[in-house]
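One-letter residues, chain by chain:
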Amino acid sequence: MIILGLDVSTSTTGWCITSSDGNTKAKFIDGGFIKHKSKLSLHEKASDITGLFDNIANQKITLDKICIEENLQSFRTGLSSARTLMTLSRYNGIVSHECWLATRIVPVYYNVNKARKALGIDTRKKVRKPGENAKDIVHAWVKNHETMIGFSWPTKTLKGGPRSGMTIEDPCCKDLSDAFVMSLCGHIEHLDF
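Cut-offs used in this document
Residues numbered from 1 in each chain as written. Predicted model: local features only at pLDDT ≥ 70, side-chain atom pairs only at ≥ 80, totals over all residues. Heavy atoms only, no water. Helix = DSSP H or I, 4+ residues; strand = E, 2+ residues; numbered from the N terminus. Buried < 20%, exposed > 50% of the residue type's maximum accessible area, 1.4 Å probe, protein only. Contact = heavy atoms within 4.5 Å. Patch = residues over 30% accessible without salt bridge, like charges linked within 9 Å, V, L, I, M, F, W, Y side chains within 5 Å. Areas by Shrake-Rupley, 256 points an atom, 1.4 Å probe, with all protein chains shown as cover. Salt bridge = Lys/Arg side-chain N within 4 Å of Asp/Glu carboxyl O. Expected span 1.5 Å × (residues − 1). Polar contact = N/O pair within 3.5 Å; in protein donor to acceptor, adjacent residues only side chain to side chain. Pairing = 2+ DSSP bridges. pLDDT = per-residue confidence, 0-100. Core = buried A, V, L, I, M, F, W, Y, C linked by side-chain atoms within 4.5 Å.

Q: What's the story with the side chain of Thr 123 in this structure? I'm lost.
A: Along the chain, the position of Thr 123 falls in the loop between helix H3 (112-118) and helix H4 (134-143). Since its relative accessible area comes to 11%, Thr 123 is described here as buried. The residues contacting Thr 123, other than those within four sequence positions of it, are Arg 116, Arg 128, Ala 134, Ile 137 and Val 138.

Here it is as structure tokens:
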């Protein structure tokens, strides 16, 4: 089974493809992230997703399942306003429809916290180091996953500030990691979310 995992956002969409034959652990095939231009409409940003499906088709990859991180269902103090939740929900719906148009596969949606828990990733506040957030923990877990060892994580060179000229791992790699989690969850049978 070949599964595409998506971490959908209006700024960056992480994507990851994994495969499994049912007898072996899922293995990484390909992944990355799409940085959406901020001034584009949601529909224009969704055309970036169409480009992803063109790329997948060019690689002759036939998807069996698409797993998408479920929309936030409630506010988070200091992070999510009603307007933000509505925009993300609309965009998630547009991307879901693009997935269906490109593949005729109806996406499956997973709650991010339940998905992490199903894979044994503990992101509770009491286990975090100072300054660490849940995405940091997930990213560290993915980087140490046996199928990701040796993967060349995308980098970027800083253009300003005290670290100007320094090359660091692109922060959007965390979106790829979240997509990897979604994709892996798709391989777990009888996952009741």
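Q: Sorry, what's going on with a nonpolar patch on the surface here?
A: Residues Trp 100, Leu 101 and Val 106 make up a contiguous nonpolar surface patch of roughly 280 Å² in combined accessible area. Here Trp 100 shows up in helix H2 (residues 82-103). When its relative accessible area of 32% is taken as the criterion, Trp 100 is described as partly exposed.

Q: Help me understand helix H5 (residues 173-185), please; the structure alone is not making it clear to me.
A: Along an α-helix, residues three or four apart share an orientation, since each turn contains 3.6 residues. With 13 residues, H5 should cover 18 Å at 1.5 Å per step; its first-to-last C-alpha distance of 19 Å lies within 8% of that length. Counted residue by residue, H5 has twelve buried out of 13 residues, so it is predominantly covered. Looking only at H5, the buried set comprises Cys 173, Asp 175, Leu 176, Ser 177, Asp 178, Ala 179, Phe 180, Val 181, Met 182, Ser 183, Leu 184 and Cys 185.

Q: So what exactly am I meant to see when it comes to the environment of Lys 45 here?
A: Note on placement: Lys 45 falls in helix H1 (residues 42-58). C-alpha separation for the pair Lys 45 and Ile 34, spaced eleven residues apart in sequence, amounts to 9.6 Å. Setting aside anything within four residues of it in sequence, one finds Lys 45 in contact with Thr 10, His 36, Lys 37, Ser 38, Leu 40 and Tyr 91.

Q: Which parts of the structure should I look at to understand H4?
A: Restricting attention to buried positions, one finds in H4 the residues Ala 134, Asp 136, Ile 137, Val 138, His 139 and Val 142. Elements that come into contact with the buried residues of H4 comprise H3, strand E7 (167-169) and H5. The backbone nitrogen of Lys 135 lies 3.0 Å from a side-chain oxygen of the residue at the head of H4, namely Asn 133.

Q: Where do I start with the pairing of strand E1 (residues 2-7) in this structure?
A: In regular strands, side chains alternate between the two faces of the sheet. Here E1 lies mainly inside the structure; five of its six residues are buried. The sheet contact formed by E1 and strand E2 (residues 12-19) spans six bridges and is antiparallel. From the neighbouring strand, Leu 6 faces E2, where its bridge partner is Trp 15. One ladder, built from four bridges, connects E1 with strand E4 (residues 65-69); its direction is parallel.

Q: What exactly am I supposed to notice about the confidence of the model for the protein here?
A: One rule of thumb: low pLDDT means the predicted coordinates there are not for detailed reading. For the protein, the mean per-residue pLDDT works out to 89, and 92% of the residues sit at or above 70. Between the elements of the protein, mean pLDDT differs from a low of 90, seen in H2, to a high of 97, seen in E1.

Q: Where do I start with the nonpolar core in this structure?
A: The nonpolar side chains of a soluble globular protein tend to be buried with one another. Counting residues in each nonpolar core, the largest one holds 24 residues, and the members touching the most others are Val 142, Met 148, Phe 180 and Val 181. Those elements giving two or more residues to this core turn out to be strand E3 (27-35), H4 and H5. The biggest single contributor to this core is H5, with eight residues. Excluding residues within four positions of it along the chain, Val 181 makes contact with Ala 115, Arg 116, Leu 119, Ile 121, Val 138 and Val 142. By size, the runner-up hydrophobic cluster in this structure holds 21 residues, among which are Leu 4, Ile 17, Phe 53 and Leu 63.

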